[in-house]
Amino acid sequence: MLGRASKTLFHLVARSGTLKKLASRYGMRKPSSFARRFIAGETVAEAIEAARAVEARGMKITLDLLGESSRNLAEAEAATRAYLAVIEAITRSGIERNLSLKLTQLGLDVDKASTIDNLRKILEIAGPAGFFVRIDMEDSAYTAVTLEIFETLWRHGYRQIGVVLQSALYRSEQDLQRINELGARVRLVKGAYMEPKSVAHQEKADVDAAYARMMKMLITDGHDAAIATHDPAMIDLARQWARHHDVAADRFEFQMLYGVRRDLQAMLVAAGYRVRVYIPFGRQWFPYFMRRLGERPANVMFVIRNILGERG
Ligand SMILES: Cc1cc2nc3c(=O)[nH]c(=O)nc-3n(C[C@H](O)[C@H](O)[C@H](O)COP(=O)(O)OP(=O)(O)OC[C@H]3O[C@@H](n4cnc5c(N)ncnc54)[C@H](O)[C@@H]3O)c2cc1C
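Source: prediction; values computed, not measured.

(A) View of the pattern of salt bridges. Per the stated rule, a full pass over the model turns up 22 salt bridges. Between Lys-102 and Asp-136 there is a salt bridge, and its shortest N-O distance comes to 2.9 Å. With a gap of 34 residues between them, Lys-102 in the loop between β2 (98–101) and α5 (112–126) and Asp-136 in the loop between β3 (132–135) and α6 (143–155) connect regions that are remote in the sequence. As far as burial versus exposure is concerned, Lys-102 and Asp-136 are alike and both buried. Residues Asp-224 and Arg-274 are paired through a salt bridge, measuring 3.2 Å at the closest nitrogen-oxygen approach.

This is how it looks when you write it as structure tokens:
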């Protein structure tokens, strides 16, 4: 299957030091550089500027300070401090207060208790300031622990948080049912990671079928459902399902990635739907960028043309 083969290739290539160096050199250099199609910039000021432009087009935003896999507690604490600074900058800027973050960035590979402490530090500042914080979902090694941390904090009264479920994983339909019952907010995605057969559907058709089933459950029984996809078939199905079940357009939202299917984003806004754009920024953009290339090999040609153009 091409989708799976290209994901595999890009996950391997993502580990290449040479490529990383080349990408770092050319990817963000100028406003027209290739990585800027998917990443708003390296600084929070650039992300806020991008967010303002997205808001001016009638859309909602969520900002993601890129970073994953902190290797020690010092890195995890630095990432936490960086998030606190982002919260301050967003608060001053007047853009919508909405963040996405990854638990490995806060230390999940190092120590679970410290990760929870770091997350609490962020929520203690973000909550009173009116932020919503979405915990992104990483690969399946982290699914159980991410949900456990999320559900524990939820039970401890943290209500400004939400989680992500991936239709690729067999377990997700059960997870969705439980989280819907909890009353918490779910972002539904197909899943960006290479996963083994033991835990995940391998065929795109099966991932899509699971997405359709979960999306129906989420729209009907969920809370502020976030349908995160660029797949027109899934978007049409969501619109039909909501209409059929009298779910008003303000009870759910579509979410898409910065730089992907801007035409579809605009079309949905014009049709009266809420659309939220996920805006990543920061210096550690390479793994995120490689996942985007793996999803759509045609993006590679765009990158190659851009590099040749910049070097010439
Ligand atoms: C807001 C948001 C948050 C996300 N958060 C997470 C997360 O926390 N964890 C996680 O595992 N995954 C996350 N993802 C990624 C998701 O899992 C998919 O990998 C990604 O969205 C591609 O799948 P798709 O649903 O768009 O459908 P696909 O069937 O892969 O694609 C449908 C169509 O969308 C367009 N498209 C898709 N990807 C690209 C691209 N990279 N470049 C250009 N066009 C493209 C193409 O036209 C394609 O034909 C997130 C996605 C979104 C939109």
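(B) Region of the structure containing the packing of helix α4 (residues 73–93) against α5. Taken N-terminus to C-terminus, the directions of α4 and α5 make an angle of 10°; their axes are 10 Å apart at the nearest point. In terms of their interaxial angle, α4 and α5 are classed as roughly parallel. Between α4 and α5, the contacting residues are Leu-73, Ala-76, Glu-77, Thr-80, Tyr-83, Leu-84 and Ile-87 on the first element and Ser-114, Asn-118, Lys-121, Ile-122, Ile-125 and Ala-126 on the second.

(C) Spotlight on the sheet that holds strand β6 (residues 225–228). Pairing is parallel in the closed barrel, where eight strands are placed in the order β1-β2-β3-β4-β5-β6-β7-β8. Neighbour to neighbour, the strand axes of the sheet diverge by 25° on average, direction disregarded. Judged from the three bridges that link them, β3 and strand β4 (residues 161–166) form a sheet pairing that is parallel. Bridge pairing in β4 links Val-133 to Ile-161. Here helix α10 (residues 262–270) sits on the sheet in contact with β7 (252–257) and β8 (275–281), set at roughly 160° to β7.

The rules behind these values
- Residues numbered from 1 in each chain as written.
- Predicted model: local features only at pLDDT ≥ 70, side-chain atom pairs only at ≥ 80, totals over all residues.
- Heavy atoms only, no water.
- Salt bridge = Lys/Arg side-chain N within 4 Å of Asp/Glu carboxyl O.
- Helix = DSSP H or I, 4+ residues; strand = E, 2+ residues; numbered from the N terminus.
- Buried < 20%, exposed > 50% of the residue type's maximum accessible area, 1.4 Å probe, protein only.
- Axes fitted to C-alpha atoms, helices over the stretch in contact; angles between N-to-C directions.
- Parallel < 35°, antiparallel > 145°, perpendicular 65-115°, else oblique.
- Contact = heavy atoms within 4.5 Å.
- Pairing = 2+ DSSP bridges.

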